[in-house]
Structure formats: structure tokens, C-alpha cells
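Report on the structure
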Amino acid sequence: MTNTPRYNLFIDGAWTAPGSNEWIAVENPATGETVAHVAKGDAGDVEKAVVAAQKAFPAWSRKTALERADYLLALNTLIERDKERLAATITSEMGKPLKEARGEIDFAIGLIRFAAENTRRLEGEIVPGSTPDEKILIDRVPHGVIGGIAAWNFPFALCARKIGPAIAAGNTVVVKPHELTPLAGLEMARLVEEAKIPNGVVNIVTGDGPDVGVPLVAHPLTKLITMTGSTPAGKKIMAAAAEHLKEVRLELGGKAPFIVMEDADIEKAAQAAIESRFTNAGQVCTCNERTYVHEAVYDAFTAKIREKISALKVGSPTDPDTDMGPKVSLAELEKVHAMVEGAVRQGGKLEVGGHRLTGPVYDKGFYYAPTLLTDVRQDMDIAHNEVFGPVLSVIRVADFDQALAFANDCRYGLSAYLFTRDLGRILRMTRELEFGEVYVNRGGGEAPQGYHHGYGESGLGGEDGKHGLEAYVQTKTIYLNA
């Protein structure tokens, strides 16, 4: 432990040793090396953090919108200053190629900037009263203490996505980063401290789900829980939050359909299909999970993507030429491989990949070959279960009706893609495709000013934009009489 950095918990503006006096080793998935040790928090540490956040709430909520915005902009200035260091941290703990990690930092900056710019746009309403001398005011006020739980695939951006709007709206927050990738959140805490955001407004407690996540959700002082992660974990959080009838915002799994019609720009669609599947080694909830291709262009499209997949360079995430790095852990790699084997057993054809990579660059890490499966059918398990890895499955469709039907035959409803030049099909999609966000004739990647949300088992509520920011306030109705 003495040879690697050691991070304490960040509670009430101070770096605090864990009550357990236990530590979690954080491994680099590209090399297997331990890059740091972080505190293994427990329920007692959560209690300290929530109490600190509750204590800080009255003064923070009374600050003007402009004052809160200035703190956030100061934080963003520091993030921009340390962009390279922060990107390197993400790469070391998560395995994301450095060029993608830089993009994650840029996205985080955009999220915080949007929150800062919109603190003064959380506006109330005046409604006519029931008597001539009465006015009804509908005010928007912060909830109080927010509990934030982040996933491992975007460790810095997801912390920014929780912290930015929460404190912009006047709340205080306790964030639990994922135990696989806690370093980015702790580095965020260092910058929160340097930005002089008042003590207790932002708290970071690392640890595992049972020891930190469960008590954070169950704590009577946390008024809203915002969580990004798996659907099974989200269901458990919703059940636990029900005891206190607290609000939950859940951004969960996805199974994005990627529809390519016969009139699409095939080169553009193929490139987007590759980028939307293999970015971050396929570990993105909005990834292209099932590619539906019109039978008239199926062969041509499949040939293009086979060629593009074979050209991807898998290697060290610090190499500027690397297109794809490792999976985040051995368990995640094995889960993906089992799904590929299952698809082949059910009749899928393995065209490219389908195995763990070996060799000098790969042996110490968790590298999985970019994989292409063809002859996939709608009734296969892989067409319905989230893969969350570098596996592109192609399904033939006869027409747009069948593409829509197959796309909607899914318990998830987060993201979808459509490539066509037909305006009529695009208009039909707006009515009939049952997903919270749809990318038309472009690859994936949500914008800070948009609204990132899903239907069905992809979650409740949403993130980003004005609608995401409004989730961090509640309404108060005041019947005003002289």
C-alpha cells in the first residue's frame, strides 16, 4: 500500500479516514497493476457525510443563484486546467483510451457549465388567486440532501452529472462513486476543495454497494436519490427508497436498436454503427446493441462493418493510435464472452472476434476482441439482454414495419438510432419508436442541453438540460394574501 496513492473520504470539506480502517485496491484493467487504494466507507461514514450535508444545506440554499453559479464556474476552470491529469486518471482506473477520456472531461465541463448558466432559470409562477386580493405563487425550492450513485463507465462525467445540477439548484450532495472506478470522483473532490465550495455541500464516500450505497439510499435525511447503473441495482434502490417515500431518478440499462433502411447512406451508417458500438469497449448504456438492417442492403452493410471492425486497433489505452482498450474487469469480460457463446449456440454466426485477446500487450489486462455476429434472430437471448461490451449483432429485416416491431420488442427504452432519407419514416418514428432519445442519421452521444432519459426498464426521470435540472427542485404553492 505504501507504494501507491491512498485516498481518504471527502466529508464536510475534510479528508477523513474510514471508520472501518479498510481500503479498496483500484486496478488498472489494461495492466492488472494496483494504481491506488481508496477508503472502504461504511454506514458510519455515510452518516457523517449526510449529517454534514444537512448542516450545510440551509446556508447553501440561501445563496443567490448567481453565487452558486460562480462556485460551479470556478470548479469548471479548475477542471479545464487539470484536463490532462484527470483524463489520465480515468484511463488508469477504467481502461478507456486516453482520447476518449479527454472527451469525457469535456462532457463533464459541459454538464457543469449548463448547470451554472441555468441557476437563474429555475423560475416560479404566479397564478390568479381565488379572490381579488390573492395571488398564488408556485415557487421552486431545493429538496435538501441529494444522494448520488455513479456507475463505473464514465466515472468523472457521472459525478459531474450528479453534482452540477444538485448544487446549482441549492441542494447539498453525497456521492458514491463506483468501487471499480472511484479515483475520478475523488479527484473531483480535490477540485471542489480548491474551488472553495463551502464545507459539506459536496461529499464523496467511496465503498461498495451494501456498505455505502444501501445506507445512503435508506438514510431518512436524503430526500432524492439519483443513480446511474444497472437495472437490477436500480430496482433495489427504488424498493429501498420507498420506505421513506423519497424521489428517485434512475438511469439504467439500455438495448439500443440501430435501424438501417435501404435508402440510408450506407458508409455513414456503417461508421456510426462502429463508433456507437465500440466506443469505450461497448460499455455505454446508449451503445448500438442490436443492428437491424434492411434485407436489400444487408450484405453490403455487413461487408462494410466487417472491414471496419477488422481495422480497429485494440491496445494500450495510453497509445494515441488505440481505438479500443480493455474491459473494465475480468468479470465483465467473462460475462460478455458467455453471451457471445450463447448466441453462437442459438444459431448466430461468428464473423469476427469472439475471444479474449492474448499476447504481450494483452496478457495482463482484460482485452476482448471486437466481435461481429451475423444471422442473429429476434428470438435469441442476445437480441434482448444488454451486452455492454464490444459485440455487434446484425439482424435482417424485411421492411420498416418489421424494424419498428423488432426495435420495440424490448423491455428497455433508453436510446435508438435510425438511418433513412425518408421523412415519412422519420415522422412515423417520432410516434411509434418507444425510446426516450433517438439519434437520426448520426452516431450516439447526448448533449448537456438535451434530456437524457429512457422508458421501461431503462429508468425513471432523466438527466441533463432544463428538464434534468428541474428534477433537483420541488414546488411549493403559496396562497398570498395581504
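Residues numbered from 1 in each chain as written. Predicted model: local features only at pLDDT ≥ 70, side-chain atom pairs only at ≥ 80, totals over all residues. Heavy atoms only, no water.

Worth spelling out the cut-off: UniProt positions are given in the numbering used here, feature names are shortened, and annotations may be inferred rather than shown by experiment.
Looking at an unreviewed UniProt entry, one finds the chain named Aldehyde dehydrogenase and attributed to Acetobacter nitrogenifigens DSM 23921 = NBRC 105050. Per UniProt, the chain has the following entry under Sequence similarities (unreviewed entry): "Belongs to the aldehyde dehydrogenase family."

Examining the sheet that holds strand 13 (residues 256-260)
For clarity, the threshold we go by: Pairing between two strands is assigned when DSSP locates at least 2 bridges connecting them. Elements are defined by DSSP. Helices are runs of H or I of four residues or more, strands are runs of E of two residues or more, and each kind is numbered from the N terminus. To get an axis, fit a line to the C-alpha atoms, keeping to the stretch in contact for a helix; angles then go from 0 to 180 degrees between the N-to-C directions.
With respect to topology, seven strands assemble into an open sheet ordered 15-16-17-14-13-19-20, the strand pairing being mixed. At either end of the open sheet lies a strand with only one pairing partner, and these are strand 15 (349-352) and strand 20 (437-440). Averaged over neighbouring strand pairs, the angle between their axes works out to 25° when direction is ignored. Note that strand 19 (residues 415-419) and strand 20 share four bridges and pair parallel.

Thoughts on the UniProt feature "domain: Aldehyde dehydrogenase" (unreviewed entry) in the chain
In the UniProt entry, the feature "domain: Aldehyde dehydrogenase" (unreviewed entry) is given for residues 15-478. With 40% helix and 22% strand, residues 15-478 has end C-alpha atoms that lie 41 Å from one another.

Details of the environment of Glu251
What counts is decided by this rule: Between N or O atoms, a polar contact is any pair within 3.5 Å; within protein, one atom must be a potential hydrogen donor and the other a potential acceptor, and residues adjacent in sequence are included only when both atoms are from side chains.
When you line up the elements, Glu251 lands in strand 12 (residues 247-251). Once the C-alpha coordinates of Glu251 and Gly454 are considered, the two residues, 203 residues apart in sequence, prove to be 7.4 Å apart. Within the structure, the side chain of Glu251 is placed 3.3 Å from the side chain of His452, a separation counted as a polar contact.

Thoughts on the packing of helix 3 (residues 83-94) against helix 4 (residues 98-117)
We apply this condition: By the definition adopted for this analysis, an angle is roughly parallel if under 35 degrees, roughly antiparallel if over 145, roughly perpendicular if from 65 to 115, and oblique otherwise. Crossing handedness is read from the near helix: turned anticlockwise from the far helix by less than a right angle, it gives a left-handed crossing, and turned clockwise, a right-handed one. The contact criterion used is simple: two residues touch if any of their non-hydrogen atoms lie within 4.5 Å. In this classification, Asp, Glu, Lys and Arg are treated as charged, Ala, Val, Leu, Ile, Met, Phe, Trp, Tyr, Cys and Pro as nonpolar, and every other residue, Gly included, as polar.
Helix 4 packs onto helix 3 with a crossing angle of 120° between their chain directions and a minimal axis gap of 8 Å. Here helix 3 is positioned oblique relative to helix 4, judged by the angle of their axes. The interaxial crossing formed by helix 3 with helix 4 has right-handed handedness. When helix 3 is examined against helix 4, the residues Lys83, Glu84, Leu86, Ala87, Ala88, Ile90 and Thr91 are found in contact with a partner set consisting of Leu98, Ala101, Arg102, Glu104, Ile105 and Asp106. Residues of the contact of helix 3 with helix 4, tallied by class, amount to seven nonpolar, one polar and five charged.

What to know about the pattern of salt bridges
How we decide: A side-chain nitrogen of Lys or Arg and a carboxyl oxygen of Asp or Glu constitute a salt bridge if their distance falls within 4 Å. Buried residues are those whose accessible area, probed at 1.4 Å on protein chains only, stays under 20% of the maximum for their type, while exposed residues exceed 50% and partly exposed ones sit between those limits.
The tally for this structure, following the rule as stated, stands at 33 salt bridges. Among the ionic pairs, Arg85 bridges to Asp82, the shortest N-O distance being 3.0 Å. Linking Lys99 and Asp323 is a salt bridge whose minimum nitrogen-to-oxygen distance equals 3.8 Å. One end of the pair, Lys99, is in helix 4; the other, Asp323, is in the loop between helix 10 (298-311) and helix 11 (330-345), with 224 residues separating them in the sequence. Assessed through its relative accessible area of 41%, Lys99 is described here as partly exposed. Taken together, the shared-partner salt bridges in this structure form one network comprising Arg81, Asp82, Arg85, Glu187, Arg190 and Glu194.

Quick word on the environment of Arg6
You can see Arg6 is positioned in strand 1 (residues 6-7). The exposed category is assigned to Arg6, whose relative accessible area is 52%. Along the sequence, Arg6 and Gly200 sit 194 residues apart, while their C-alpha atoms lie 22 Å from each other.

Points about the domain arrangement of the chain
What counts here: In this document the domain limits rely on a domain assignment from an automatic tool or a database. Once two parts are put together, the accessible area they lose, assessed with a 1.4 Å probe and summed over both, is termed the buried area.
Along its sequence, the chain is carved into domain 1 (6-252 + 458-481) and domain 2 (256-440). Placing the centre of domain 1 and that of domain 2 at their C-alpha centroids yields a distance of 31 Å. Between domain 1 and domain 2, the residue contacts involve 22 residues of the former and 26 residues of the latter. Between domain 1 and domain 2, the buried area comes to about 1,800 Å², and carbon and sulfur atoms account for 58% of it. Of all residues in domain 1, Pro29, Trp152 and Ser458 bury the most surface against domain 2, accounting for 27% of the area lost on that side. At the surface where domain 1 touches domain 2, the tally comes to one salt bridge. At the boundary of domain 1 with domain 2, the tally comes to nine residue pairs in polar contact (both at pLDDT 80 or more).

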